[in-house]
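# Per-entry structural report
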Amino acid sequence: MTTKAPRGDAYIERAGDFTKPILLHFRNLVHKAFPEITETIRWGFPHFDHKGIVCSMAAFRRHCAIGFWKQSLLDANIFAEGKNAMGSLGRITSLGDLPSDEQIMSLVRRAVELNMAGRKQRKKNPEPTRELAVPADFATAIEEKEKPRTSFENMLYSHREEYIDWIEEAKTERARKKRIATAIDWIAEGKSRNWKYETPRK
């Protein structure tokens, strides 16, 4: 029997209205393809596991991203190699951007089979990390106190990027200032932008 995680429900509920149908459709296909799949939240967004990570989905301001953990072993011609978007299928802005239901479910089943067989992802040479451009007002707020500054410097690159994107997406100056203040408090506590949805460390 398939089980959907409450934190997955919460993530979808918080997503933008246009992204919800995409997330719900992909999620339903994953569970239909392999009912024993387990949902969890990693790095702030939903992942689907069975004997390891199978795939993931994430919502952004203007698009969604779908990722297959062992993409290099699946060797599917629908993967968006080299495109400027996180995930395996490029920028998904509508249901029409997704492959067919049959293609998605086939990928899920094949990914599960790879995990069950213990197959390892082929390692790639690491790409050089881009230097983050921290907005001036955010940088000033961080520098004012030692604890946020040290914590921010020691954060994962992706977590720092999430904070910057969140601040840059504020629609008003008032909202921007509020987000900066909240970010400083969370950073001082060593929290990522999506700390509420991350799996607690044991």
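Just so it is clear, the structure is predicted and the values come from calculations on it, not from any experiment.

### Quick look at the pattern of salt bridges
A complete count under the given rule lists nine salt bridges for this structure. The closest approach of N and O atoms between Asp 49 and Arg 42, which form a salt bridge, is 2.6 Å. Judged by its relative accessible area of 12%, Asp 49 falls in the buried class. Here Arg 42 falls in the partly exposed class, since its relative accessible area comes to 27%. One network of salt bridges, in which partners are shared, links Asp 9, Arg 27 and Glu 39.

### Let's talk about the sheet that holds strand β4 (residues 64-68)
Taken together, four strands build an open sheet; the order of strands is β1-β2-β3-β4 and the sheet is antiparallel. Of all strands in the sheet, those with a lone pairing partner are β1 (38-42) and β4, marking the two edges. Within the sheet, the average angular offset between the axes of one strand and its neighbour, ignoring direction, is 20°. Here five bridges tie strand β3 (residues 53-59) to β4, and the two strands are oriented antiparallel to one another. Bridged to Ala 59 within β4 is Cys 64. The strands touched by helix α1 (residues 6-14) within the sheet are β1, β2 (45-49) and β3, with β1 carrying the most contacts at an inclination of about 55°. Across the sheet, helix α4 (residues 101-116) lies against β3 and β4, angled at about 135° from β3, the strand it touches most.

What counts, and where the lines are drawn
- Residues numbered from 1 in each chain as written.
- Predicted model: local features only at pLDDT ≥ 70, side-chain atom pairs only at ≥ 80, totals over all residues.
- Heavy atoms only, no water.
- Salt bridge = Lys/Arg side-chain N within 4 Å of Asp/Glu carboxyl O.
- Buried < 20%, exposed > 50% of the residue type's maximum accessible area, 1.4 Å probe, protein only.
- Pairing = 2+ DSSP bridges.
- Helix = DSSP H or I, 4+ residues; strand = E, 2+ residues; numbered from the N terminus.
- Axes fitted to C-alpha atoms, helices over the stretch in contact; angles between N-to-C directions.
- Contact = heavy atoms within 4.5 Å.

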